[in-house]
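Examination of the molecular architecture
Next come the chains, spelled out residue by residue.
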Amino acid sequence: FAPALPGVRGVFDPFDEKNLAKMDALFAKSVAEQADDPLLIGYFLDNEQAFEDLPRALPALTAKHAAKRALVAQLQSTYKTIAAFNAAWGLDAPSFESLGDRGLPLTTQSAFADMQAFTERFLDAYYRSVTETFRKYDRHHMLIGNRWQPGTANSETLCRVAGKYMDVISINYYTCGIDAAFMRRLYEWTGRKPQMWSEFYFTATQESNVAPSNNDLATQRARGLAYRTYVEGAASLGFVVGVEWFT
């Protein structure tokens, strides 16, 4: 929808009004054109974004980014005086205005807690802006998530916020053995939103022309059994509505 924030792969700034206007203009064309298509299931928002980097990357931004300005405003609202902020964060900033163009290292428990709170606010602004804009132009189709990597998905905050807005949670889940407890935990964190496992595959390089992968097996028969185990395992959980083989 817009340029990614520095240090956060694939994630735009939802506090920037220019980004929201651009998204609205794009959706007014591309989404509206497909709004009545009965063969369309829904939309992925993006693919394998690095939401886990937000708490580290956001305080390192400069004030030219709306998200950094919003962070500084929240810190000023929280601490009232620069002295209280400096004591909590272990810094020596001369003023709140000076925080805009300096990196803010996270070295104290208060700093980590403040960034957890702001990251949740950022995520809510991101998902809310996309969902509200999408629903202006399409009320018939689903939003099926961001195709998270498992490490990204392993965040109660991210899952809880996305679960408020997404119809389906999508996870690119490459594995030789399904971790049912982990996937159930994500399911509960998202408010029991159904999941789509949006990428997986196995290779058998010695018996095919498929390039090797981390899930490379000795034979095509073993590859087929791995496929069967994965699909049956997904079906057995009761909340996985689809899997997508990556070609």
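Up top is the structure these notes are about.
Notes on the structure follow. (Residues numbered from 1 in each chain as written. Predicted model: local features only at pLDDT ≥ 70, side-chain atom pairs only at ≥ 80, totals over all residues. Heavy atoms only, no water.)

Some remarks on the overall build of the chain
Helix and strand content of the chain: nine helices and five strands. In sequence order, the secondary structure elements of the chain are arranged as α-β-α-α-α-α-β-α-α-β-α-β-α-β. For the chain, the spread of C-alpha atoms along the three principal axes comes to 65 × 40 × 35 Å. Within the chain, buried positions represent 46% of all 247 residues. Put simply, 67% of the contacts in the chain that link residues at least 6 apart link residues at least 24 apart. Summing over all exposed atoms, the chain offers an accessible surface of approximately 12,200 Å²; the carbon and sulfur share of this is 54%. (Helix = DSSP H or I, 4+ residues; strand = E, 2+ residues; numbered from the N terminus. Buried < 20%, exposed > 50% of the residue type's maximum accessible area, 1.4 Å probe, protein only. Contact = heavy atoms within 4.5 Å. Areas by Shrake-Rupley, 256 points an atom, 1.4 Å probe, with all protein chains shown as cover.)

Remarks on the sheet that holds strand 3 (residues 169–172)
With parallel pairing, three strands are arranged side by side in an open sheet as 3-4-5. Only two strands of the sheet have a single neighbouring strand rather than two, namely strand 3 and strand 5 (240–245). Adjacent strand axes in the sheet meet at a mean angle of 20° when their direction is disregarded. Relative to strand 5, strand 4 (residues 195–200) is paired through four bridges, and the arrangement is parallel. The residue of strand 5 that forms the bridge with Phe200 is Trp245. Its contacts with the sheet put helix 8 (residues 180–189) on strand 3 and strand 4, and the angle it makes with strand 4 is roughly 135°. (Pairing = 2+ DSSP bridges. Axes fitted to C-alpha atoms, helices over the stretch in contact; angles between N-to-C directions.)

So, the pattern of salt bridges
Evaluation of the coordinates by the stated rule reveals 14 salt bridges. The partner of Asp16 in a salt bridge is Lys18, with the nearest N and O atoms 3.5 Å apart. Judged by relative accessible area, Lys18 falls into the exposed class, the value being 65%. Its salt-bridge partner being Arg147, residue Glu244 comes within 3.2 Å of it at the nearest N-O pair. Of the two residues, Glu244 sits in strand 5 while Arg147 sits in the loop between strand 2 (142–143) and helix 6 (150–153), which places them 97 residues apart along the sequence. Take Glu244: its relative accessible area is 31%, and that puts it in the partly exposed class. (Salt bridge = Lys/Arg side-chain N within 4 Å of Asp/Glu carboxyl O.)

Let's talk about unusual backbone geometry
With a phi angle near 50°, Glu48 is a residue other than glycine that sits in the positive phi range. Given the relative accessible area of 19%, Glu48 is considered buried. Phi is positive for Arg147, close to 55°, though the residue is something other than glycine.

Remarks on helix 8
What sets the pattern is the α-helix's 3.6 residues per turn: residues three or four places apart point alike. Listing the buried residues of helix 8 in full gives Phe182, Met183, Leu186 and Tyr187. What you see down the axis of helix 8 is that its buried residues fit within an arc of 140°, all on one side. Lining the buried residues of helix 8 we find helix 6, helix 7 (156–165), strand 3, strand 4 and helix 9 (220–237). Of the residues trailing helix 8, Gly191 is marked for its positive phi of about 75°. (Arc of directions from axis to C-beta.)

A short note on the side chain of Thr203
Within the fold, Thr203 resides in the loop between strand 4 and helix 9. Reaching out from Thr203, the side chain makes a polar contact with the side chain of Ser213 at a distance of 3.0 Å. Setting aside residues no more than four positions away along its own chain, Thr203 makes contact with Val210, Ala211, Pro212, Ser213, Asn215, Asp216, Leu217 and Arg223. (Polar contact = N/O pair within 3.5 Å; in protein donor to acceptor, adjacent residues only side chain to side chain.)

Describing the nonpolar core
A general feature of soluble globular proteins is that nonpolar side chains tend to end up buried together. With 63 residues, the main nonpolar core has Phe51, Leu58, Phe85, Trp89, Tyr127, Trp148 and Met183 as its most contacted residues. Counting residues per element, this core draws most heavily on helix 5 (residues 109–137), which supplies nine residues. Ignoring sequence-local partners within four residues, the contact set of Phe85 consists of Leu75, Tyr79, Leu91, Phe96 and Leu99. (Core = buried A, V, L, I, M, F, W, Y, C linked by side-chain atoms within 4.5 Å.)

Notes on the layout of surface pockets
Rolled over the atoms, a probe with the dimensions of a water molecule shows which regions are left empty. By volume, the largest pocket amounts to about 160 Å³. Of all the secondary-structure elements, those providing two or more residues to the lining of the largest pocket are helix 2 (54–57), helix 5, helix 6 and helix 7. Per-element accounting of the lining of the largest pocket gives the leading share, three residues, to helix 5. Split by residue class, the lining of the largest pocket holds five nonpolar, six polar and one charged. (1 Å grid on protein atoms, 1.4 Å probe; cavity = no way out; pocket = protein on both sides within 12 Å on 5 of 7 lines; lining within 4 Å. Points joined across faces, edges and corners; volume = space filled by probe spheres on them. Nonpolar A, V, L, I, M, F, W, Y, C, P; charged D, E, K, R; others polar.)

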